[in-house]
Amino acid sequence: MRELAATWMRGGTSKCRVFDRADLDDLGLDTAAVLLRTFGSPDPRQVDGVGGATSTTSKAVILAPSSAGDADVDYTFAQVGIEEPVVDWGSNCGSCSAVVGLYALRRGWVPPTGELTTVRVRNTNTGQLIVQQVPTPGGVVDEDGTEYIPGVPFPGVGVRMWFRDPAGRTTGALLPTGSPRDELTFGGRAVQATLVDAGAPVVVLSAASVGIDGAESPAEIAARPGLLAALDGVRRQAAVRMGLAADEASAERAVPKLAAVSPAPATGEADLTVRMLSMGQVHPALAITGSVALTMAVATPGTVVPDHVSPDGNGRLRLATPSGVVATHSGELDGAPAVAVTRTARRIADAVLALPGEIQPPRQPVPEAHPAPASQRTGGRASSASPGPSIPTALANAEVSR
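In this text the structure is predicted, and so the values were computed from the model without any measurement.

Caption draft 1: Representation of the state of the cysteines in the model. Counted under the stated rule, the structure contains one disulfide. In this model, Cys16 is linked to Cys96 through a disulfide, with the two sulfur atoms separated by 2.3 Å. Handedness here is read from the sign of the S-S torsion; for Cys16 and Cys96, about -100°, the answer is left-handed. You can see Cys16 sitting in strand E2 (residues 14-20) and its partner Cys96 sitting in helix H3 (residues 94-107), a full 80 residues away along the chain. Here Cys16 matches Cys96 in class, with each residue buried. No disulfide involves Cys93; its sulfur sits 3.8 Å from the nearest other cysteine sulfur, which is in Cys96.

Caption draft 2: How the structure looks around the side chain of Gln46. Its place among the elements puts Gln46 in the loop between helix H2 (31-39) and strand E3 (59-65). Its relative accessible area of 1% is what places Gln46 among the buried residues. Sequence-distant contacts of Gln46, defined by excluding residues within four places in its chain, comprise Phe39, Gly40, Ser41, Gly51, Gly52, Ala53, Ser58, Gly81 and Ile82.

Caption draft 3: Up close: H2. Within H2, eight of the nine residues are buried, which leaves the element mostly enclosed by the surrounding structure. Listed in full, the buried residues belonging to H2 are Thr31, Ala32, Ala33, Val34, Leu35, Leu36, Thr38 and Phe39. Residue Asp30 occupies the N-cap position of H2, its side-chain oxygen lying 3.1 Å from the main-chain nitrogen of Ala32. Just downstream of H2, Gly40 is the residue with a positive phi angle, here 85°.

Caption draft 4: Geometry of the confidence of the model for the chain. On average, residues of the chain score 88 in pLDDT, and 88% of them are at 70 or above. Model confidence for the chain, summarised as mean pLDDT per element, is weakest for helix H7 (residues 374-378) at 36 and strongest for E3 at 98. Low confidence marks residues 364-402, where pLDDT is under 50. Its contacts with residues over four positions away, or in another chain, come to 90 contacts.

Scoring rules and cut-offs
Residues numbered from 1 in each chain as written. Predicted model: local features only at pLDDT ≥ 70, side-chain atom pairs only at ≥ 80, totals over all residues. Heavy atoms only, no water. Disulfide = S-S within 2.5 Å. Helix = DSSP H or I, 4+ residues; strand = E, 2+ residues; numbered from the N terminus. Buried < 20%, exposed > 50% of the residue type's maximum accessible area, 1.4 Å probe, protein only. Contact = heavy atoms within 4.5 Å. Polar contact = N/O pair within 3.5 Å; in protein donor to acceptor, adjacent residues only side chain to side chain. pLDDT = per-residue confidence, 0-100.

Encoded structure:
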């Protein structure tokens, strides 16, 4: 029996198992195989592991101090399959990203500096630089957060995350097909879609085009016979168009995501209504990388997002989700476009996981835990290698609604 240290943390609306890269390397085993066995996959209950049997609770975060000059921490995200023996390394998770700065501060990888400490995070899945601002009142790491976000009933430490120059991190272009609109097939008929890559690849559809009004609950959408399967078919078509899969059958479950958008609610509390699919199910709130993609799509002429929807004069965009309103902020960081979102993070437990003596490799091949940068995998541009980015002196206050 082997042992593996892990920290359980909530980041945003996800629950993540956080591992030190050095601890995984010391095992001398296939990382994907270790994650599958640790989480208890494949099994719809994940009864013999630490997985939570949902897409938002079957996630792993692998961290290490960064050797790059423009980052403090290297962060690899893994979406661990539940019923399938597959680990998806194809994208990032914005919610899980929120745990990185707090973890690094607690481990002493980054020293606290004043009331807010900046932690520069390099996501190895996409090459995305995420500049995080973590509250450190009086220069002390304080894990007793008091901030709330939609989709989480309890408070956590509020972390402002700036996604610097997010366009094309997976495919090499903001609009991978070169067009703001593409035609895909839904239920045997053509529908208009925007295929956008910013933060993560996302397929954006008008909710009305797929027969919903867009304000339904996740349960109501899931109860519509055949709807989730039909939407997944659209998503798989988009994966091929975006160059993410050779054919529809080989498209990954988590990449791209799909968002159905509709006009803002009459209450005036938001600018746009969103229902997002992730891992075949309706997300209980909104994938944060998806909110980055939607923010960029709103600002791009010709997309399927309604023309009257745009950020206000302060660069703010309010997105109505099943759990409440998520707000993003558009700006610049070191001369490059950036999108900011505030999420909360909380440490739940430190644990030592017991691993069986024999770890079987997954039945399907998976990429290395440290995939090549997006520029090497897809021909996209590499991230800036400039010195650590400065933080804008005037940051908009985070807007989060319970």
